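# Survey of secondary and tertiary structure
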Number of protein chains: 2
Amino acid sequence: MNKTYEKLEEYVQKLHALDAASVLFSWDMETYGSPKGAVANTAEDVGTLSSMTYDIINSPDLKSIVNELKGAVDLTEEQQCIVREIAKDIERMEKIPPKEYRDFSVLLAKAHPVWENAKKNNDYKSYAPVLKEIIDYTKRFISYRQKPGESVYETALDEYEPGFKEKDLEEFFSKLKKNLVPVVEKYGKRTDPEPDFMTTPVNIESQRALTYYIADYMGFDFNRGVIAEAEHPFTTNLHNHDVRITTHYYEDHWSFALFSTIHEGGHALYELGIDDSITMTNIGTGTSLGTHESQSRLYENNIGRGKAFWEAIYSEVCDRFLPHLKGVSLDDFYKGINYAKPTLIRTEADELTYPFHIMIRYEIEKLFLTENVDVMELPKIWNEKYKEYLGIVPSDDTTGILQDMHWCGGSIGYFPTYAIGTAVAAQIFHHMEKEIDIEGKLRAKDMNSIKEFLRENIHRFGKMKNTNEILMSMTGEGFNSDYYVNYLLNKF
Amino acid sequence: MNKTYEKLEEYVQKLHALDAASVLFSWDMETYGSPKGAVANTAEDVGTLSSMTYDIINSPDLKSIVNELKGAVDLTEEQQCIVREIAKDIERMEKIPPKEYRDFSVLLAKAHPVWENAKKNNDYKSYAPVLKEIIDYTKRFISYRQKPGESVYETALDEYEPGFKEKDLEEFFSKLKKNLVPVVEKYGKRTDPEPDFMTTPVNIESQRALTYYIADYMGFDFNRGVIAEAEHPFTTNLHNHDVRITTHYYEDHWSFALFSTIHEGGHALYELGIDDSITMTNIGTGTSLGTHESQSRLYENNIGRGKAFWEAIYSEVCDRFLPHLKGVSLDDFYKGINYAKPTLIRTEADELTYPFHIMIRYEIEKLFLTENVDVMELPKIWNEKYKEYLGIVPSDDTTGILQDMHWCGGSIGYFPTYAIGTAVAAQIFHHMEKEIDIEGKLRAKDMNSIKEFLRENIHRFGKMKNTNEILMSMTGEGFNSDYYVNYLLNKF
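Superposition of the two copies of the chain requires a rotation about an axis and a shift along the axis. Least-squares fitting of chain B to chain A yields an RMSD of 0.0 Å, with the transformation described by 0.0 Å of translation along the axis and a rotation of 180 degrees. When the rotation and shift are considered jointly, the pair of chain copies conforms to a two-fold rotation axis. Judged by C-alpha distance, B:A21 is the residue of chain B that lies nearest the rotation axis, at 2.9 Å. Residue by residue, 100% of the interface of chain B is reproduced at the interface of chain A, so both copies engage with the same surface.

In structure tokens:
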């Protein structure tokens, strides 16, 4: 092996271990593993680990190793990718002063419970100063990182979806607005209510059993993964042998845990499908948030809200977990799980209105990143935009601006990846249908063929290919949101 | 502040953060937070973190800072202790070659599930090679660390109970043998069985409720602590605002979870009682395993198996959690929870026979550390010693040599601290009785006075005082096992 590369490996191991520790600290906090009073002290430890990562990325030794390896000709493809990704990290990090980086990490660890309490008590005011601090840090970091010719928002987005341009987003969202606002309006006026069986209370134990059943059915490997509960469903991973998903059970909303599990299950299959050869390295994880979201959305919507998927298991699911659905026909069930009407909560939104929740957040992020909007004004702006695009107004901030944890986690520029991912899912699904008989497989309960197709074409590569490279080699074209718009128009 | 000390602080933070991460990885694994298949990869990350600790402790920069600070006159008492403890760590660590240190950490992380499976399947053979490796590493590390005039076993013990000598242990155990072997023999011959009510099945939910009740009653702070389940009860801590205990529920052995919780609760109160001023540092934790065990044993035995404690809560506990005890008098209950007879499992042993479980492990550790005993011989030796001291022989290795996780965690020389701790508990209790009316407090449900007394005299100091210093300033004398022997003779 290349001698210099051997030196790099030690750094790769350290970065992976520190990252795994951070993942574990978050997991522990968000799945109620740690006591409430621990936050302030633990935040210090998390901040320290984070500053150790920072120190490694910024160490002159690592920089010189990476510079030397950039030109090396005797590296494997995996090794080249590892070097390329570390070089990117160096470029991103070296511009942030160490103290600011650490302080920001500590701030974020402390912000989570502040947001959580604010959401619980509908108390935006208590959260606003923290949000302001987070926004200010983000703006400052963007000013350090911004490249010539790059817009402020592009720099923010680049953290999560490298290579996407603001004009791509603008084009995408304006296509959505033009084609789908009239449809959303139509659905907003519907008077037939969501079927009763969608809100019949189902006891938590049955829901939990259904969660495990459906994850297993999708191909989630319980030897390499676990399911837990959290305020907000999410997926996280230490490596390809430790992939964790959470859900949240609502007695009077059984479909939430079900579809959130299918969604997080899609994320999880991506991480479980990473190749063993790269898993303990910096390229051994999903390539971008958009591609990640494409996998979760593909399972949740294109598969999980489709008829063929349910044809195979509907009667078993009714028998074993949702006996109140006996007597509800598959057709009515299908309509029930696809009932669309503008609502307030993003994570509970139907497929049709979902992208508008994202668009609203995108527009607000642009506002507070590029114009000096007072954070105290944001709830008002939020509510106005909901009125404008979805025709409804939150009655409080808990169901309004406080609903998502992203900003409080420092993830600004992140939301658009949800919409990008959903569009990528449609593009991939469209292509996949040409390659394999998806409906036939679903009817035959053959979830494995689908998982293997995705693993072969997407999962196993980790960060070795970016979103556009994956799309090019799979579908023969780059990102194209037409498939998504057509899919929605066709379905609704 | 001393300028050099400021530089040290950064190292103290890093060491604390790395240590907290390791604690969290173990917690996660032992409370079934992580998937089974994660072990091998996660062990690599844990090994890497551990080698980062090693690198810090061995860094020339830290060494020169510590050397400079050793002579500094402008340090607070806390700062002096922090420097002293880091200096000790440096001295211990600098003798171990980095690769061996890291390999040993990886080995330990991988050993845990091997032991777990071996115990489950009564398959000592599958575990023996790993145990051999661990013993070999330990012997090698001892050979690096051993100081002139120090015996091999003393070097092992020094990891866990600094300052104790082999002759102290020998004297202690021979006193036990002389005074208590005849008593154990007598109890071994008793024919009256353990009362039925001790083994009446109690559903897990009631046991869990009792666990939370009793921890709360002791003064466990649920804002700064959590309780979870594990194969084997233990206590762990990230800092004084995050202290975690585990227990294990057996339906047909309700007293196990109850007394293990009182035991772990005693450990937890120690860590919760550490002063805020030292908690995020290397001296912000219990001073030694013996002193730690003194706190758990004091609560479990001297308090929790005493009559006054139960006089206050017995009827409530029966009403709310153990209805099958209605009709059992307090006197009979007291006899039930103090029923003594030689048994096979250390963690389930009564007070009288407990120290002999320790003595057996101590003698076996001395054997494999100082004589070349084949690991395959150990189960036989184990069983012979059980026959000799307790008059009983395990029918399998699961209830024999495989019962404890300590050796598989690399903790060799650790067991005697259990006996030391139990003896220290008796000494402290004897002294405390002179200072406060313990029985009166217990009858008045005043657990707080006891907790505060211990906090004032022991807990808050962390590692600022060692076991003997605590005993000297509290009781006016050093370690004295007579109180313990007398306590046992008196009770049994």
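To continue, consider the nonpolar core. Across soluble globular proteins, nonpolar side chains have a tendency to be buried as a group. Of all hydrophobic cores here, the largest spans 325 residues; its most connected members are A:L8, A:W310, B:L8 and B:W310. Apart from residues lying up to four places away in sequence, B:W310 is in contact with B:I214, B:L258, B:F259, B:G304, B:V317, B:L330, B:F333 and B:I337.

Relative to the assigned elements, A:N2 resides in the segment before α1 (3-30). Not counting chain neighbours up to four residues away, the residues in contact with A:N2 comprise A:L69, A:A72, A:D74 and A:L75.

Residue and element names in this part refer to chain A. Looking at the element boundaries, G462 is found in the loop between α18 (447-457) and α19 (467-475). Classification of G462 by relative accessible area gives buried; the value is 0%. Excluding anything up to four places from it in sequence, G462 contacts Y270, I274, I278, I283, T285 and T287.

This paragraph deals with the interface of chain B and chain A. The partner chain A presents 40 residues to the 40 residues of chain B that form the contact. A buried area of about 2900 Å², summed over both sides, lies between chain B and chain A, and 61% of it is on carbon and sulfur atoms. If you sort the residues of chain B by the area they bury against chain A, B:P35, B:N41 and B:D45 come out on top, with a joint share of 18%. Inspection of the region where chain B meets chain A yields four salt bridges. The salt bridge partner of A:D55 is B:K14, with a shortest N-O separation of 3.8 Å. There are twelve residue pairs in polar contact (both at pLDDT 80 or more) connecting chain B and chain A. For the side of chain B that touches chain A, the secondary structure elements donating two or more residues are α1 (3-30), α2 (39-57), β1 (225-229), β2 (235-239) and β3 (242-247) of chain B. For the side of chain B that touches chain A, the leading source of residues is α1(B), giving eleven residues. A breakdown of the residues in the side of chain B that touches chain A according to their chemical character gives 16 nonpolar, 14 polar and ten charged.

About the cut-offs
Residues numbered from 1 in each chain as written. Chains lettered and ligands numbered in written order. Predicted model: local features only at pLDDT ≥ 70, side-chain atom pairs only at ≥ 80, totals over all residues. Heavy atoms only, no water. Least-squares fit on C-alpha atoms with pLDDT ≥ 70 in both. Contact = heavy atoms within 4.5 Å. Core = buried A, V, L, I, M, F, W, Y, C linked by side-chain atoms within 4.5 Å. Buried < 20%, exposed > 50% of the residue type's maximum accessible area, 1.4 Å probe, protein only. Helix = DSSP H or I, 4+ residues; strand = E, 2+ residues; numbered from the N terminus. Buried area = accessible area lost by both parts, 1.4 Å probe. Salt bridge = Lys/Arg side-chain N within 4 Å of Asp/Glu carboxyl O. Polar contact = N/O pair within 3.5 Å; in protein donor to acceptor, adjacent residues only side chain to side chain. Nonpolar A, V, L, I, M, F, W, Y, C, P; charged D, E, K, R; others polar.

Read these as geometric descriptors, not functional statements.
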